[in-house]
Amino acid sequence: MLNWSPIRSAVLGLTALVAASCASAGGEGNADGGAIVQMDMGVVTAQAMSEQTQNLFRREQFQVFREEPVPAPMIQSEWRNQTPFPDEQARGVNEVQVRVVVRGRERPPMGGLRVYQVTYQMEAEVKTDTSPEWMPAEITPQRREMARELGRELQTLLEFTRR
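This one's a predicted model, so the numbers in the text were calculated from it and none came from an experiment. (Residues numbered from 1 in each chain as written. Predicted model: local features only at pLDDT ≥ 70, side-chain atom pairs only at ≥ 80, totals over all residues. Heavy atoms only, no water.)

### Notes on the nonpolar core
- Formed by 28 residues in total, the largest nonpolar core has its most connected members in Val 100, Tyr 120 and Met 122.
- Of all the secondary structure elements, the ones that give two or more residues to this core are β1 (36-45), α2 (46-60), β5 (93-106), β6 (115-128) and α4 (141-161).
- Discounting residues that sit within four places of it in the chain, Met 122 has contacts with Ala 35, Ile 36, Val 37, Phe 62, Val 98, Arg 99, Val 100, Ile 139, Met 146, Ala 147 and Leu 150. (Core = buried A, V, L, I, M, F, W, Y, C linked by side-chain atoms within 4.5 Å. Buried < 20%, exposed > 50% of the residue type's maximum accessible area, 1.4 Å probe, protein only. Helix = DSSP H or I, 4+ residues; strand = E, 2+ residues; numbered from the N terminus. Contact = heavy atoms within 4.5 Å.)

Written as structure tokens, this is what we have:
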């Protein structure tokens, strides 16, 4: 019969956490739809989610609008104006604003750690000549690629916390 010490159990649990995170953090595992680009970021602690999302926000000059603690951690940026891409301009878009929302959904504890499945979303709103009010709009291929690049940056930051 095996004699598992608490330390060996924790190491085994963390190893399982890393394996599960790597398996679920595929960069192209996303669900894009309409005015939202969404990506799965894998499994991390709430602290890692908060710290790394705020690191990304600082680097990309997003301001935190709202942050919710556990049991349902969430960080949302303020809307940030961006220059319309050529494919947006071709659709009559004059102004674009985006925001990022990162959410955690609690998973079963691993190695004694409380962990969360993290999802990244970028949302976009636009103004056009015919619609001067902000409204959700279909994300164009160029905006989608920009949103995915930002998601991959967050994914890389989170991967460092799993090592």
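### Brief notes about α4
- Taking 1.5 Å of rise per residue, 21 residues should cover 30 Å, and α4 covers 31 Å from first to last C-alpha, within 8% of that figure.
- Buried residues of α4: Arg 143, Arg 144, Met 146, Ala 147, Arg 148, Leu 150, Gly 151, Leu 154, Gln 155, Leu 157 and Leu 158, and no others.
- As for α4, its buried residues are in contact with β1, α2, β4 (80-82), α3 (86-89), β5 and β6. (Expected span 1.5 Å × (residues − 1).)

### Considering the packing of aromatic side chains
- Throughout the structure, instances matching the rule amount to one aromatic pair.
- Centroid distance Phe 57 to Phe 62: 5.8 Å. Interplanar angle 40°. Geometry classified as tilted.
- When its relative accessible area of 2% is taken as the criterion, Phe 57 is described as buried.
- Seen from the ring of Phe 62, Arg 80 lies directly overhead, with NZ or CZ sitting 4.2 Å from the centre. (Phe/Tyr/Trp six-rings, centres within 6.5 Å; stacked < 30°, edge-to-face > 60°. Lys NZ or Arg CZ within 6 Å of the ring centre and 35° of its normal.)

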